[in-house]
Amino acid sequence: MLTQQELEKSPLFRDISYEEYRRMLVCFNAVQKSYRPEELIYDFDEPRQNVVGIVERGEASLIRIDADGVATVLEELRSGGVFGRDLAFAGTREDSLEVKARTACDVLFIDYPHLLKRCENACRHHSLLVQNMLGLIADKAQALSERVDVLSRRSIREKLLCYFRQLSEKAGGDTFTLPFSLSTLADYIATDRSAMMRELKRLREEEVVRSDGRRFTLRF
């Protein structure tokens, strides 16, 4: 269960009081589970699973695995991140989707049909939750648009610089922090890690970027 301070920071529960949140867990028959790093949280191929998952603590990744076994990170999920079969980006029939823990995670699961069902008591917090969920779906659409922009670039260099510009704009300056590791960055831009590291080295040597760990600065 979220603490009151954590609840106030959760975009899914925006404007919902702590007392309403506690009642909601009972009303929605919510189930909370904890996961270890690298543990599978959600398998989209499992037909019995039709739930919405909410990351309460920790970090996880939505991963697509194609027919050749190549894994691509579609989305990074942090506190407040939402996932589920009806919220996922579509893939081909040969692809599989899964959510895997990056760090130790606490996840809240809510039955998806229950979430959309009209509340008999016309609860204010139920309407707010659905409203907040629609806002998160809109954010997912924006994130997908940004991802398509990165992946549409032809070279590793162009992909990196496109993504770095996006992070720079969000940070409001030339310096920004990568939201994940370099290994995950390679998955995110759908390229070989060794090739990506060689391109990063060239960008540093050309003084296009400067980096210290996960902290980067664009120099142009």
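Draft legend 1. Region of the structure containing the overall build of the protein chain. Each helix and strand in the protein chain was counted, giving seven helices and eleven strands. Its C-alpha atoms give the protein chain a radius of gyration of 19 Å, near enough to 17 Å, the size a compact globule of 220 residues would have. Oriented by its inertia axes, the alpha-carbon framework of the protein chain measures out at about 65 × 40 × 30 Å. Taken over 220 residues, the protein chain has a buried fraction of 43%. Considering only contacts within the protein chain whose residues lie at least 6 apart along the sequence, 70% involve residues at least 24 apart. The positive charge centre, built from 34 side chains, and the negative charge centre, built from 36, are 2 Å apart in the protein chain.

Draft legend 2. Looking closely at the side chain of E146. Note on placement: E146 falls in helix α4 (residues 124-151). Exposure remark for E146: the relative accessible area of 17% places this residue in the buried category. At a separation of 2.9 Å, a polar atom in the side chain of E146 contacts the side chain of K170. Each residue touching E146, except ones within four places of it in the same chain, is listed here: Q166 and K170.

Draft legend 3. The arrangement of unusual backbone geometry in detail. One non-glycine residue with positive phi stands out, namely D15, at about 70°. Relative to the elements of secondary structure, D15 occurs in the loop between α1 (4-9) and α2 (18-27). Judged by its relative accessible area of 54%, D15 falls in the exposed class. The residue A190 is not glycine, and still its phi comes out positive at about 55°. Mapped onto the fold, A190 is located in the loop between α6 (182-188) and α7 (193-205).

Draft legend 4. Here's a closer look at the packing of helix α5 (residues 156-171) against α7. At a minimum axis separation of 10 Å, α5 and α7 run at an interaxial angle of 70°. Considering the angle they form, α5 stands roughly perpendicular to α7. As α5 packs across α7, the resulting crossing turns out to be right-handed. Contacts between α5 and α7 pair I156, R157, L160, L161 and F164 from the former with A195, M196, E199, L200 and L203 from the latter.

Draft legend 5. Structural context of the sheet that holds strand β10 (residues 209-212). Spatially, β9-β11-β10 is the arrangement adopted by the three strands of the open sheet, whose pairing is antiparallel. Whereas interior strands pair on both sides, the edge strands pair on one side only; in this sheet they are β9 (175-177) and β10. For this sheet, the mean angle separating the axes of adjacent strands, direction not counted, is 20°. In this sheet, strand β11 (residues 215-218) lies alongside β9 in antiparallel orientation, the contact comprising three bridges. Each bridged residue has a counterpart across the sheet, and for T177 the counterpart in β11 is R215.

Draft legend 6. Representation of the sheet that holds strand β2 (residues 40-43). Strand order in the open sheet formed by four strands is β2-β7-β4-β5, with antiparallel pairing between adjacent strands. In the strand order of this sheet, the two ends are held by β2 and β5 (71-77), each with one partner. Taking the axes of each pair of neighbouring strands and ignoring which way they run, one obtains an average angle of 25° across the sheet. Two strands pair when backbone bridges link them, and strand β4 (residues 60-65) and strand β7 (residues 96-101) are joined in this way by six bridges, in the antiparallel orientation.

Draft legend 7. Structural detail: the pattern of salt bridges. Across all of its chains, the model carries nine salt bridges by this definition. With its nearest N and O atoms 3.3 Å apart, the salt bridge here joins E199 to R157. With E199 in helix α7 and R157 in helix α5, this residue pair connects regions lying 42 residues apart in the sequence. Owing to a relative accessible area of 10%, E199 belongs among the buried residues under this scheme. Between R202 and E199 there is a salt bridge, and its shortest N-O distance comes to 3.0 Å. Of this pair, R202 and E199 both sit in helix α7, separated by three residues, roughly a single helical turn.

Draft legend 8. Representation of the side chain of T217 in the model. Residue placement: T217 occurs in strand β11. Within polar-contact distance, the side chain of T217 engages the side chain of T175 at 2.9 Å. Excluding anything up to four places from it in sequence, T217 contacts D174, T175, V208, V209 and R210.

Reading the values: the criteria
- Residues numbered from 1 in each chain as written.
- Predicted model: local features only at pLDDT ≥ 70, side-chain atom pairs only at ≥ 80, totals over all residues.
- Heavy atoms only, no water.
- Helix = DSSP H or I, 4+ residues; strand = E, 2+ residues; numbered from the N terminus.
- Rg over C-alpha atoms; globule rule 2.2 N^0.38 Å.
- Buried < 20%, exposed > 50% of the residue type's maximum accessible area, 1.4 Å probe, protein only.
- Contact = heavy atoms within 4.5 Å.
- Lys, Arg positive; Asp, Glu negative; His and termini not counted.
- Charge placed at Lys NZ, Arg CZ, Asp CG, Glu CD.
- Polar contact = N/O pair within 3.5 Å; in protein donor to acceptor, adjacent residues only side chain to side chain.
- Axes fitted to C-alpha atoms, helices over the stretch in contact; angles between N-to-C directions.
- Parallel < 35°, antiparallel > 145°, perpendicular 65-115°, else oblique.
- Left-handed = near helix turned anticlockwise from the far one by under 90°.
- Pairing = 2+ DSSP bridges.
- Salt bridge = Lys/Arg side-chain N within 4 Å of Asp/Glu carboxyl O.

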